[in-house]
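The primary structure of each chain is shown beneath.
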Amino acid sequence: MNTSSLSPVAERAPGRSESALAERAMVAATTAAEHATNVDSAGRFPAEAFDAVRKQGLLGILVPRSMGGEDAGVGQVADVCFRLAQNCAATGMIYAMHQVKVACLVRHRHGSSVIESLLRRLCAEQLLLASSTTEGQAGGNVRSSEAAVSSVGDHIELERQATVISYGAHADGIVTTARRSADAEASDQVLIVFLKDDYTLSPIQSWQTMGMRGTCSEGYVLRARGVPEQIVPEPYASIHSHTMVPFAHLLWGSVWAGIAAGASMRAQAFVRTAARKADGALPPGGARLGEVLSSLKTLRGMLSDSIRRYESIMNDAQALNSVDFQSQITLTKVQASELAVSTVLKALRVCGLSGYRCDSPFSVERHLRDVLSSPLMINNDRILSNFTMTAMMTPISAVLSG
Ligand SMILES: Cc1cc2nc3c(=O)[nH]c(=O)nc-3n(C[C@H](O)[C@H](O)[C@H](O)COP(=O)(O)OP(=O)(O)OC[C@H]3O[C@@H](n4cnc5c(N)ncnc54)[C@H](O)[C@@H]3O)c2cc1C
């Protein structure tokens, strides 16, 4: 599949470093494409794609230059996610999840020498970070933790039932939420970064899923030990609303847009091929290609707007806390996931049986299985019902302004 035909998510005219970054992303995306089918069928980590991601130095781009990174913005990272996911959804999603964690460390480190030295290592050694928020049977309530950090002498310890940790077995470190202490409320959380030598993972849950099989999101008991300075020096509550949620929703959304773009390209190729064979006559579902592209354009436009808005206020705590921004960023996740699913479904209607088959060059079955994870990855119903609780008490003008 040709992936060079779509422009960056943020749709700005690329500067020199931006287009160089896009070229590096394309190199990794090309490797991801070569192995995507096998990654999916074997349900294995996309090792070749991540070798290429590391060779291109893409894991540390969000980190400031002073620590060996590239000072990339969220729009640039979103563009890398989009390009990777067009060819291999698992590669795009793993890259996105890593960058969400890096963003939390970079933006909330408050000069911590332990976290800064870890970020330097991350750039120099191209370390890959995984995320642990889901816990026990509580599912996707990220703002609630059961397991608490404990102090043992001058160390900290944590044991948590981490029911889903994507690529946990392949990561160089894990960034996890936890209850601040044994006597803290479930919502009084901290964020902690542990490197591989600090923890063990005992498997408790496999990852045999419909799609996103290459994320290898198995469940483990996570047992970790470190020093108190590995706790990010800001309450998780503000990390969550200022960085974790915006980065997650924008980068995950870019991955889902990438999957939708990959399916759209197959639909377009199908219509072109069929029309060529029939003296220019469209195949039965051909007229729907316009709907596919319109839906993709809406999705990307909506993401671009949210990225621009976030970039314009990302260092303004008051604006980040405002109801209108929190509404926008919340609804971005819901809308992006719903639009991505419907774009891929429309592409399937265009391709007909060729799209439904698993053995056709126009197959969109992997795209569909992968994208169906999007409304569930922090369930849209959970997000909408939380949003409704806030929106119910807020004047509509405050929800809409911004
Ligand atoms: C591809 C993929 C990768 C993932 N990787 C990771 C990872 O690396 N680390 C990690 O920690 N987690 C990861 N997760 C898990 C994810 O973060 C969520 O925990 C998970 O998707 C929530 O699944 P759930 O639907 O079972 O749980 P819940 O969100 O608890 O939902 C369960 C059910 O309850 C309903 N529900 C819940 N709350 C409400 C409410 N308030 N109102 C109405 N209905 C409600 C939902 O609609 C749903 O039907 C991953 C998930 C996916 C799909």
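Residues numbered from 1 in each chain as written. Predicted model: local features only at pLDDT ≥ 70, side-chain atom pairs only at ≥ 80, totals over all residues.

**With respect to the sheet that holds strand β5 (residues 189-195)**
How we decide: One requirement defines pairing of two strands: DSSP has to find at least two bridges between them. Note on conventions: DSSP H or I runs of at least 4 residues are helices, E runs of at least 2 residues are strands, and numbering of each starts at the N terminus. Helix axes are fitted only over the stretch in contact, all axes being lines through C-alpha atoms; the angle between N-to-C directions runs from 0 to 180 degrees.
Read from one edge of the open sheet, 3 strands run β1-β4-β5, paired in mixed fashion. In the strand order of this sheet, the two ends are held by β1 (129-132) and β5, each with one partner. Going across the sheet, the axis of each strand differs from the next one's by a mean of 25°, ignoring polarity. Alignment of β1 against strand β4 (residues 173-179), held across 4 bridges, turns out to be parallel. Bridge pairing in β4 links alanine 130 to isoleucine 174.

**Thoughts on the site of the ligand**
Which entries qualify depends on this criterion: By convention here, the C-beta atom is placed from the backbone, and a residue is near a molecule or strand when that atom is within 6 Å of it. Note: domain ranges come from an automatic or database domain assignment.
Of all residues adjacent to the ligand, which total 22 residues, the nearest are Gly139, Gly140, Ser166, Asp381 and Ser385. Elements that contribute at least two residues to the shell around the ligand include exactly β1 and α12 (380-392). The residues that make up the shell around the ligand include at least three from each of domain 2 (130-230) and domain 3 (236-400).

**Structural notes on the sheet that holds strand β2 (residues 150-152)**
A sheet is described by the order of its strands in space; here 4 strands give the open sequence β2-β3-β7-β6, paired in antiparallel fashion. Bordering the open sheet on either side are β2 and β6 (199-205), each of which pairs with just one other strand. When the angles between neighbouring strand axes are averaged without regard to direction, this sheet yields 20°. Relative to strand β7 (residues 219-226), β6 runs antiparallel, the two sharing 6 bridges. Considered in β7, the bridge of leucine 201 is made with leucine 222.

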